[in-house]
Amino acid sequence: MSTRTLISPATLARPRGKVLYWSVFTGVVLLFALAFLFPVYWMVTGAMKSPDEVARTPPTLIPNHWHTSGYTDAWDLMQLPQHLWNTVVQAAGAWAFQLVFCTAAAYALSRLKPAFGKVILGGILATLMVPAQALVVPKYLTAADLPLIHTSLLNDPLGIWLPAVANAFNLYLLKRFFDQLPRDVLEAAEIDGAGRLRILWSVVLPMSRPVLGVVSIFALVAVWQDFLWPLMIFSDTGKQPISVALVQLSQNIQLTVLIAAMVIASIPMVALFLVFQRHIIAGISAGSTKG
């Protein structure tokens, strides 16, 4: 069965067709690259302009004079090392909690087949229809006075870690992947005498590296870019993450310094994506194919 494309193989085999095809392809790629990279360039170079040049109309595409002091001032004046470390601790804890509990719950719903499993899964998925803003007040009241033990999670990383566990989307993503794992492999492990926990640790998790990578990226990015919930949890400025600190400390800071701080704050997530982009693509494609 032949595959139909915009340009027929006969046209593409001709020299003129090849030139036309590659010209259009190169132009489209360059256009999309410019659309995505230009805002990044504008932000990076904006921090190297003088305050007057940043506010100038019309704006300058290239700085008249390159100043790197904006980055050094942002690093010192806005206490970026401390707030970046706070963000790393909060994101790493939320990632670990979410990976452990969401994986365990997804494995139980997918392979252990508990009673009322479909009802439980339906209730979990129903939470995706509730706007996140509608849950802020109940979450805050729960964190301020934890039921039964009556402990406050305010100004505590647990106030970020525990609510992050309840992520219905990641749980469903993991369950769908576990549903598609080859049944023969799991049955072979059972015949060899492996228990449920051993199958999860030695068979399921090694086969689930792509989707675990995707869930990890989602978990880290969600905490790194979150603003409203950390703002409510951390009244102590010394414990606030970078997303909240940039807003709280920007009142008396020059615009170039603020832009430089935003550039520095975005570097970890950009680096994380560039390092793990192959795993992200593999995880998305693995979750969409029947194994």
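The structure we're discussing is the one just above.
A brief report on the enclosed structure follows.

Remarks on the overall build of the chain
1) Next: Tallying secondary structure elements over the chain gives 15 helices and 0 strands in all.
2) Next: By the compact-globule yardstick of 19 Å for 291 residues, the chain is too spread out, its C-alpha radius of gyration being 25 Å.
3) Next: Taken along its principal axes, the extent of the C-alpha atoms in the chain is 75 × 70 × 35 Å.
4) Next: With 291 residues in all, the chain has 32% of them scored as buried.
5) Next: Residue pairs at least 24 apart in sequence account for 71% of intrachain contacts in the chain once pairs closer than 6 positions are excluded.
6) Next: Charged side chains in the chain number 19 positive and 13 negative. The centres of these two groups are separated by 18 Å.

With respect to the packing of aromatic side chains
1) Next: Within this structure, the stated rule accounts for 7 aromatic pairs.
2) Next: Ring geometry for Tyr107 against Phe178: centres 6.4 Å apart, planes inclined by 85 degrees, an arrangement best described as edge-to-face. Within this pair, whereas Tyr107 is found in helix H5 (residues 80-112), its partner Phe178 is found in helix H9 (residues 168-179), the two being separated by 71 residues in sequence.
3) Next: The class for Tyr107 is buried, based on a relative accessible area of 6%.
4) Next: A residue is classified by how much of its surface remains accessible, and Phe178, at 0% relative accessible area, is buried.
5) Next: Ring plane angle 50 degrees and centroid distance 5.9 Å describe the contact between Phe169 and Phe218, whose orientation is recorded as tilted.

Quick word on the environment of Ala134
1) Next: By the element assignment, Ala134 lies in the loop between helix H6 (117-126) and helix H7 (136-144).
2) Next: Between the C-alpha atoms of Ala134 and Tyr172, which are 38 residues apart in sequence, the distance is 21 Å.

A word on the side chain of Lys175
1) Next: Here Lys175 lies in helix H9.
2) Next: The residues touching Lys175, leaving out its near neighbours within four places in the chain, are Ala106, Leu109, Ser110 and Leu121.

A few points about the packing of H6 against H9
For any two helices packed against each other, one specifies the crossing angle of their axes together with the interaxial distance.
1) Next: Two numbers describe how H6 lies on H9: the axes approach to 9 Å, and their chain directions differ by 135 degrees. Comparing their axes, H9 and H6 come out oblique. Crossing handedness for the pair H6 and H9: left-handed. Contacts from Leu121, Ile124 and Leu125 of H6 reach H9 at Ala168, Leu171, Tyr172 and Lys175.
2) Next: Class assignment for the residues of the contact of H6 with H9 results in 6 nonpolar, no polar and 1 charged.

Let's talk about the pattern of salt bridges
1) Next: Using the criterion set out here, one finds 2 salt bridges in the structure.
2) Next: The shortest N-O distance in the salt bridge between Lys175 and Asp179 comes to 2.7 Å. With Lys175 and Asp179 both in helix H9 and 4 residues apart, the pair spans about one turn of that helix.
3) Next: Across the pair Arg196 and Glu190 runs a salt bridge, and its minimum N-O distance is 3.3 Å.

So, the packing of H5 against helix H12 (residues 209-225)
1) Next: The interhelical angle for the contact between H5 and H12, taken along N-to-C directions, is 140 degrees, at an axis separation of 9 Å. Between H5 and H12, the angle falls in the class oblique. Between H5 and H12 lies a crossing whose hand is right-handed. Seen from H5, the contacting residues are Leu84, Thr87, Val88, Gln90, Ala91, Ala92, Ala94, Trp95, Gln98, Leu99 and Thr103; seen from H12, they are Leu212, Val215, Ser216, Ala219, Leu220, Val223 and Trp224.
2) Next: Here the residues of the contact of H5 with H12 sort into 13 nonpolar, 5 polar and no charged.

A few points about helix H4 (residues 69-77)
1) Next: Buried residues of H4: Gly70, Tyr71 and Ala74, and no others. Buried residues in H4, looked at end-on, bunch into an arc of 100 degrees, giving them a common side. In this structure, H4 carries Asp76 and Leu77 as exposed residues pointing more than 90 degrees from its buried face.
2) Next: Just beyond H4, the residue with positive phi is Gln79, at close to 50 degrees.

Observations regarding unusual backbone geometry
1) Next: Across the junction of Thr57 and Pro58, the peptide omega takes the value 0 degrees, indicating a cis bond.
2) Next: As for its placement among the helices and strands, Pro58 is situated in the loop between helix H3 (51-54) and H4.
3) Next: Located in the positive-phi region is Gln79, a residue other than glycine, with phi close to 50 degrees.
4) Next: Tracing the sequence through the fold places Gln79 in the loop between H4 and H5.

Things to note about the environment of Leu171
1) Next: Relative to the elements of secondary structure, Leu171 occurs in helix H9.
2) Next: Residues Leu171 and Val119, spaced 52 residues apart in sequence, show a C-alpha to C-alpha distance of 15 Å.
3) Next: Once you skip the residues sitting within four places of it in the chain, Leu171 turns out to touch Cys102, Ala105, Ala106, Leu109, Leu121 and Ile124.

How each quantity is defined
For every chain, the first residue of its written sequence is number 1, and the numbers climb from 1 along that sequence. For this predicted model, a pLDDT threshold of at least 70 governs which residues receive local features, and a threshold of 80 or more governs which side-chain atom pairs are given and counted, while totals over whole chains, interfaces and linings are taken from all residues. For the side-chain quantities, the full set of heavy atoms in the structure was used; hydrogens and water were omitted. Starting at the N terminus, helices and strands are each numbered in turn, a helix being any DSSP run of H or I of at least four residues and a strand any DSSP run of E of at least two. The quantity called the radius of gyration is restricted to C-alpha atoms. Its globule counterpart is 2.2 Å times the number of residues to the power 0.38. Working definition: with a 1.4 Å probe on protein chains only, accessible area under 20% of the residue-type maximum means buried, over 50% means exposed, and in between means partly exposed. Any two residues whose heavy atoms approach within 4.5 Å are treated as being in contact. Working convention for charge: Lys and Arg count positive, Asp and Glu count negative, and His plus the chain ends are omitted. Charged groups are reduced to one reference atom each: NZ for lysine, CZ for arginine, CG for aspartic acid, CD for glutamic acid. Stacked, edge-to-face and tilted are the three classes for Phe, Tyr and Trp ring pairs, Trp counted by its six-membered ring, which pair at centre distances within 6.5 Å; planes under 30 degrees apart are stacked, over 60 edge-to-face, the rest tilted. Axes, fitted as lines to C-alpha atoms, cover a helix only where it is in contact. Angles between the N-to-C directions of the axes lie from 0 to 180 degrees. Here the word oblique covers every angle except those under 35 degrees (roughly parallel), over 145 (roughly antiparallel) and from 65 to 115 (roughly perpendicular). Rotating anticlockwise by less than a right angle from the far helix to the near helix defines a left-handed crossing, while the corresponding clockwise rotation defines a right-handed one. Gly is put with the polar residues, along with every residue not named as nonpolar or charged; the nonpolar set is Ala, Val, Leu, Ile, Met, Phe, Trp, Tyr, Cys and Pro, and the charged set is Asp, Glu, Lys and Arg. Whenever Lys or Arg places a side-chain nitrogen within 4 Å of a carboxyl oxygen from Asp or Glu, that contact is recorded as a salt bridge. The arc refers to the directions leading from the helix axis to the C-beta atoms.

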